[in-house]
Amino acid sequence: MAMESAFTLTRLSTPSLLCRNSSSHHHHHHRRRHLKSFSFPPELASFKYSFRTITHAPFVVNASSSSPSSPSTTLAESQGLKINSIPTKPIEGQKTGTSGLRKKVKVFMQENYLANWIQALFNSLPLEDYKDGLLVLGGDGRYFNREAAQIIIKIAAGNSVGKILVGKDGILSTPAVSAVIRKRKANGGFIMSASHNPGGPEYDWGIKFNYSSGQPAPESITDKIYGNTLSISEIKIADISDVDLSQLGVTKCGNFSVEVVDPVADYLELMENVFDFSLIQSLVSRPDFRFVFDAMHAVTGAYAKPIFVDKLGASLESISNGVPLEDFGHGHPDPNLTYAEDLVNILYGENGPDFGAASDGDGDRNMILGRSFFVTPSDSVAIIAANAQDAIPYFQSGPKGLARSMPTSGSLDRVAQKLNLPFFEVPTGWKFFGNLMDAGKLSICGEESFGTGSDHIREKDGIWAVLAWLSILAYRNKDKKSGEKLVSVADIVKEHWATYGRNFFSRYDYEECESEGANNMVEYLRDLISKSKAGDKYGSYILDFADDFAYTDPVDGSVASKQGVRFVFSDGSRIIFRLSGTGSAGATVRIYIEQFEPDVSKHDMDAQIALKPLIDLALSVSKLKDFTGREKPTVIT
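Just so you know, these numbers come straight off a predicted model, no measurement behind them.

Parameters at a glance
Residues numbered from 1 in each chain as written. Predicted model: local features only at pLDDT ≥ 70, side-chain atom pairs only at ≥ 80, totals over all residues. Heavy atoms only, no water. Helix = DSSP H or I, 4+ residues; strand = E, 2+ residues; numbered from the N terminus. Buried < 20%, exposed > 50% of the residue type's maximum accessible area, 1.4 Å probe, protein only. Contact = heavy atoms within 4.5 Å. Areas by Shrake-Rupley, 256 points an atom, 1.4 Å probe, with all protein chains shown as cover. Pairing = 2+ DSSP bridges. Axes fitted to C-alpha atoms, helices over the stretch in contact; angles between N-to-C directions. Phe/Tyr/Trp six-rings, centres within 6.5 Å; stacked < 30°, edge-to-face > 60°. Lys NZ or Arg CZ within 6 Å of the ring centre and 35° of its normal. Polar contact = N/O pair within 3.5 Å; in protein donor to acceptor, adjacent residues only side chain to side chain. pLDDT = per-residue confidence, 0-100.

It is worth spelling out the overall build of the protein at this point. When helices and strands are counted, the protein shows 20 helices and 31 strands. Here the protein, with 637 residues, has 58% of them falling under the buried criterion. At a minimum sequence separation of 6, the contacts of the protein that also span at least 24 residues come to 73%. Summing over all exposed atoms, the protein offers an accessible surface of approximately 24,900 Å²; the carbon and sulfur share of this is 49%.

Structure below.
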């Protein structure tokens, strides 16, 4: 690699601390082989100057004569664990949101980029939140996770963490990290993922931190992390060898230990406590029921076979793209009608399966399909909520409350109203649900962006949503004899619409727009709503109100403002505009369009046809083409 050309690595006769691994009799042999083939990670390139002065480092680094030298300092030696202080400087651009920090892989591979962020995180936490504590580490299997895991482990050890629990090969889905934190009563956990964004050397990487109830770190912490990235001057790193993450077991490094765990075990145990697996098995094992789960070569590939095949008795052919790959098989692991097109084609093909589902890069999103039928995420969460008490043992006493993100359609509101349950409309971001869950106010929630979940953990959960749908289908078909027509996904959805009315809903995504044009458009819309009033006419629609959504958290009183520009009309129709920051380049403009239809005779209309007048209105009101230059959306949902 280009960054390595300035220095050479020479093996010293005195190794760094050799960690004892209880899982492998051949650990020393493995380690020698590992050291021999070692290539110095470019993201730690600045360590090359420091390591020259450390007598117990595994390598001496001969930097080129023009390179500055910044010797490291030994901070402490405790039970044989040597901690070094590496001088560093702030790096711009590490602003951290509740989804963590996402950038191109090449950015994270710059010298000290990841190491600075990890150290800034420890600098942001109270000492009692990690000293001698337990942290979880896992990720979605994407490119650079293996190297990153070793950096995180060494910096955690350097900051006096007692133990790291890491998924085998660095694999743990985002829902599984939340589950493991909660089960093992860990202080928190690191998730190495850029979610549904593409992976590989040219694409995206990400890191985020979840707190002790398994929820994404709140803004009070992420703001502190960013502040500390602007003033960081040293990285504390333990002088230990790489840990073999391919073997289950405990590796001890002085008073620090790393336990490599089965990524599926704790999560599967939780799913068996939430759902009636024998009920689901009664459906999945039927010869007249077929389903396909598309793991999109992402992290749920590690969970699909143990859960769907080994536990529930599905055939191995039910699992599609089931091997996690570092580049997701050159795919875009985002389960929607555009990026999961192969699955859509199977379900809409001749004699398609009865049920289809997909999950994303890190396993927290889901898409649900029936035969020639797409279930919108907004409808999906409403239908799960309406059927949960009957079909899912975890909810046998009924849900405590329901909630959705503001852009999600109002179909869940109608279920809450009918079941007389507390209901919350929150900004986009799972942390808002987590606060309500921790306060005992919320059981089931969802986002239109293919995220559905409940208070069993503090993240959205793709496989949970799939098991919820299988539970509903199994419950509705439990008395069907062989040869009788099964109740289908489409039957369940249409029956729901007949009961509650249909909320026609669509989302238009314009990805990687020039940030300036996108921001100008939002400012224009904010100016427009400041002048608007009830009764204003927009074509055939009459305005009820227009605002920039703000939310006061009923639990902690915190206020989130500027969460999306809304135009709400007198018939309940809505147009919403938001900029999304989950991509790593440019801005994504999202337009949400919704119209309620109580008339059953109109429920079979295509959503794009039913919503066309509103879609045209949204495009003209926002002047989107003028501001962004975009003729067509990248994705329509």
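On we go from here.
So, about the sheet that holds strand E25 (residues 541–548). Strand order across the open sheet formed by seven strands is E24-E25-E28-E29-E30-E23-E31, with antiparallel pairing between neighbours. In this open sheet, the two edge strands, each paired with only one partner strand, are strand E24 (537–538) and strand E31 (635–636). Judged from the seven bridges that link them, strand E29 (residues 574–580) and strand E30 (residues 587–597) form a sheet pairing that is antiparallel. Bridge pairing links Arg578 to Arg590 in E30. Against the sheet, helix H17 (residues 515–531) engages strand E23 (502–513), E25, strand E28 (565–569), E29 and E30, with an angle of about 45° to E28.

All of the buried residues in helix H8 (residues 265–274) are Asp266, Tyr267, Leu268, Leu270, Met271 and Val274. On the buried face of H8, the contacting elements are helix H6 (174–183), helix H9 (277–284), helix H10 (301–311) and helix H15 (462–476).

Moving on, we get to the packing of aromatic side chains. Across all of its chains, the model carries 22 aromatic pairs by this definition. Where Phe122 meets Tyr130, the ring centres are 5.0 Å apart and the plane angle is 65°; that geometry is what we call edge-to-face. You can call Phe122 buried: its relative accessible area is 1%. With a relative accessible area of 7%, Tyr130 lands in the buried category. For the pair Phe291 and Phe308, a centre-to-centre distance of 5.6 Å together with 70° between the ring planes defines the contact as edge-to-face. With Phe291 in strand E14 (residues 291–294) and Phe308 in helix H10, this residue pair connects regions lying 17 residues apart in the sequence. Across the pair, exposure class does not vary: Phe291 and Phe308 are buried alike. These aromatic residues form a ring-pair network of at least three members: Phe122, Tyr130, Phe190, Phe209 and Tyr211. Looking at Arg414, its charged tip hangs above the ring of Phe596, at a distance of 3.4 Å from the centre.

Another point: the side chain of Gln563. Along the chain, Gln563 falls in the loop between strand E27 (559–560) and E28. A distance of 3.0 Å separates the side chain of Gln563 from the backbone oxygen of Ser561, its partner in a polar contact.

Okay, the confidence of the model for the protein next. Within the protein, residue pLDDT values average 88, and 87% of them lie at 70 or more. Within the model, pLDDT remains below 50 along residues 1–15, and this stretch shows 42 contacts once partners closer than five positions in the same chain are excluded. Note that residues 24–70 has pLDDT below 50 and, in this model, 111 contacts with residues that lie over four places away or in other chains.

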